[in-house]
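Examination of the molecular architecture
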Amino acid sequence: MTAAATHRNGLFRRWHEAGNECVPPTDAQIVTSDGKSIPAHSSVLASDSPVLERMLDRSRKGGNSERIIHVLGVPHDAVLVFLQFLYSSRTGMWSREAEEEMERHGMALLALSHAYRVRWLKRRCEAGVAAWLSAVKVMDVLKLARLCDAPRLYQRCMRLVAKDFEAVQQSEGWRFVQKHDPGLEMEVLQFLQETSQRQKRWRRERGDQDKYRQLSEAMDCLQHICTEGCTDVGPHNSRPPANPCTSFSTCEGLQLLIRHFAACGRKLSPKGCTHCKRMWQLLRLHSSLCDQPDSCRVPLCEQFKKKVQEEKVDRTWRLLVKKVVTARVMSSLANRKVPEIVQKSRKRYRGTR
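Everything in this summary refers to the structure shown in the same document. (Residues numbered from 1 in each chain as written. Predicted model: local features only at pLDDT ≥ 70, side-chain atom pairs only at ≥ 80, totals over all residues. Heavy atoms only, no water.)

**Quick notes on the pattern of salt bridges**
Formally: Put simply, a salt bridge is a Lys or Arg side-chain nitrogen that is within 4 Å of an Asp or Glu carboxyl oxygen. A helix here means a DSSP run of H or I that spans at least four residues, while a strand means a run of E at least two residues long, and both kinds are numbered starting from the N terminus. Buried residues are those whose accessible area, probed at 1.4 Å on protein chains only, stays under 20% of the maximum for their type, while exposed residues exceed 50% and partly exposed ones sit between those limits.
Within the structure shown, the criterion is met by eight salt bridges. A salt bridge links arginine 146 to glutamate 187, with the nearest nitrogen and oxygen atoms 3.1 Å apart. On the criterion of sequence distance, the pair formed by arginine 146 in helix H7 (residues 138–147) and glutamate 187 in helix H11 (residues 182–227) is long-range, its members being 41 residues apart. Judged by its relative accessible area of 36%, arginine 146 is partly exposed. Between glutamate 302 and lysine 306 there is a salt bridge, with its nearest N and O atoms 3.7 Å apart. You can see glutamate 302 and its partner lysine 306 sitting in helix H14 (residues 301–310), four residues apart, about one turn around the helix. By relative accessible area, lysine 306 is classed as partly exposed at 46%. Among the charged side chains, a network of salt bridges with common partners joins Arg146, Asp181 and Glu187.

Structural data, given as structure tokens:
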């Protein structure tokens, strides 16, 4: 039995699976680019494709007893597989054989499903083609995604190009685009530039977030040192602190800065030293965050609070305070212990997926 006959039998088998005990005679012919014809049922063709439905209606109004539809531009085998999927839509089945056919004829099926507006098949073709994307073929798929209005597949291709552009440059598809499609080449290069800028911006924002997190941690350590004491800085008593230090490296650095600030003779001079300026900024930041200045044991907290109320605080400083507060909230949420019942529900949810 030839491959074409096997496919035709598969079409009729799917008609049986749809619940039809007797297969009605075919009333339409699909003619492919090589002149071969494939018998089919007009009701199946029209059920999923409004384009094929209009073509069949025009043929019927023309008085033709047998309706003929020309499907050109794709291989004969791909048209057979396309019809096979139209028949299988009656059963809702998606077999291993269908996955193999999708891998073999995915690009042609995407073009056919777009041209004949078979939306459910187009979505599956997009996912199927995206599953086996490679740097060698990505430019061919990218061109097809543009032609077939497949935005998800287009974005998937662009991300792969950005991820492995060196390999893409070695492909025949990229060389073809450089010679014959300057518009697509410009799109790719612009996407690469935007991706690079986004990555730089993300790294910069990530670095800023780390700085805000460190400032929030320093505020906690300053409160901890001045309220409970830690090693030889802060309240001097023989009792250990009630809350052990959880940020030892930050706390140790802050203790060194406090000792320097206490002993430095230039902390009140107009120029001052770099370390003392840092300490003044930390004390001022603490006062901006503190909501109990009257009972706070951090030095100069109440004085800074009054000074801020008397003077107009610049916008940059207000933004810094806001960022540190946000970093503190995010850090507390990240370190918050998840209730046991929530953990169990998450495990059950993952197990059902």
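**Digging into helix H10 (residues 172–180)**
Think of an α-helix as turning once every 3.6 residues; residues three or four places apart then point the same way. Selection rule: Throughout, the arc means the angular range of directions from the helix axis out to the C-beta atoms. Note on contacts: a residue pair is in contact if any heavy atoms of the two residues lie within 4.5 Å.
Listed as buried for H10 are Gly173, Trp174 and Val177. Angularly, the buried residues of H10 cover 100° about the axis, an arc narrow enough to put them on a single face. Facing away from the buried surface of H10 by more than 90 degrees, the exposed residues are Glu172, Lys179 and His180. Packed against the buried residues of H10 are H7, helix H9 (165–169) and H11.

**A word on a positive patch on the surface**
Convention followed: Only residues whose relative accessible area exceeds 30% and that form no salt bridge enter a patch; like-charged residues are grouped when within 9 Å of one another, and nonpolar side chains (Val, Leu, Ile, Met, Phe, Trp, Tyr) when within 5 Å. Areas reported here follow the Shrake-Rupley algorithm with a probe of radius 1.4 Å; residue values treat only the protein chains shown as occluding. Charged residues are defined here as Lys and Arg on the positive side and Asp and Glu on the negative side; His and the ends of the chain fall outside this count. To locate a charge, the coordinates of NZ of Lys, CZ of Arg, CG of Asp or CD of Glu are taken.
Taken together, the side chains of Arg54, Arg58, Arg117, Arg119, Arg123, Arg124 and Arg152 define a basic patch exposed on the protein surface. For the positive patch, the elements supplying multiple residues, two or more each, are helix H3 (50–61) and helix H6 (119–131). Looking at which element gives the most residues to the positive patch, the answer is H6, with three residues. Position of arginine 58 relative to the elements: it lies in helix H3.

**Structural notes on the packing of aromatic side chains**
This is how the line gets drawn: Any Phe, Tyr or Trp ring, taking Trp's six-membered ring, that has another such ring centre within 6.5 Å forms a pair; planes under 30 degrees apart are called stacked, those over 60 apart edge-to-face, and the others tilted.
Throughout the structure, instances matching the rule amount to four aromatic pairs. Between phenylalanine 261 and tryptophan 280, the aromatic rings sit 5.1 Å apart at their centres with planes inclined by 85°, giving edge-to-face as the arrangement. Of this pair, phenylalanine 261 sits in helix H12 (residues 248–263) while tryptophan 280 sits in helix H13 (residues 274–289), and the two are 19 residues apart along the sequence. Seen in terms of ring centroids, tryptophan 280 and phenylalanine 304 are 6.2 Å apart; in terms of plane orientation they differ by 70°. Their pairing is edge-to-face. Taken together, the positions of tryptophan 280 in helix H13 and phenylalanine 304 in helix H14 put the pair 24 residues apart, joining distant regions of the chain.

**A few points about the packing of helix H4 (residues 76–88) against helix H5 (residues 96–115)**
The cut-off we apply is this: Here an angle of 0 to 180 degrees is reported between the N-to-C directions of two axes, which are lines fitted to C-alpha atoms, with helices fitted over the stretch in contact. By the definition adopted for this analysis, an angle is roughly parallel if under 35 degrees, roughly antiparallel if over 145, roughly perpendicular if from 65 to 115, and oblique otherwise. Residues are grouped as follows: nonpolar covers Ala, Val, Leu, Ile, Met, Phe, Trp, Tyr, Cys and Pro; charged covers Asp, Glu, Lys and Arg; every other residue, Gly included, is treated as polar.
One way to put it is that H4 packs onto H5 with a least axis distance of 9 Å and a crossing angle of 100°. Classified by the angle between their axes, H4 and H5 sit roughly perpendicular to one another. Residues Asp77, Ala78, Val79, Val81, Phe82, Gln84 and Phe85 of H4 touch H5, and the partners they reach there are Glu97, Ala98, Glu101, Met102, His105, Ala108, Leu109, Leu112 and Ser113. Classifying every residue of the contact of H4 with H5 by side-chain character gives 10 nonpolar, three polar and three charged.

**Digging into empty space enclosed by the protein**
Our working rule: The definitions used throughout rest on a 1 Å grid laid over the protein atoms alone, on which a cavity is an enclosed set of points accommodating a 1.4 Å probe that cannot get out and a pocket is an open set flanked by protein within 12 Å on both sides along at least five of seven lines; lining residues are those having an atom within 4 Å of a point. Grid points are joined across faces, edges and corners, and a volume is the space filled by probe spheres set on the points.
Counted under the stated rule, the structure contains one cavity of 30 Å³ or more. Considered as a void within the structure, the largest cavity measures approximately 40 Å³ in volume. Tallying contributions element by element places H4 first for the lining of the largest cavity, with three residues. For the lining of the largest cavity, the class distribution of residues is eight nonpolar, no polar and no charged.

**Considerations on the sheet that holds strand E3 (residues 67–70)**
Put simply, the test is: At least two DSSP bridges between two strands are required for those strands to pair.
Spatially, three strands are ordered E2-E1-E3 in an open sheet, and the strand pairing comes out mixed. What marks the edges here is a single partner per strand, and that holds for strand E2 (37–40) and E3. Taking each pair of neighbouring strands and ignoring which way they run, the sheet shows an average axis angle of 25°. As judged from the four bridges shared by strand E1 (residues 28–31) and E2, these two strands associate in the antiparallel manner. By the bridge assignment for E2, isoleucine 30 is matched with isoleucine 38. Across the sheet, H3 touches E1 and E3, and the angle it forms with E3 is around 135°. Contacting E1 and E2, H4 crosses the sheet at an angle of about 5° to E2.

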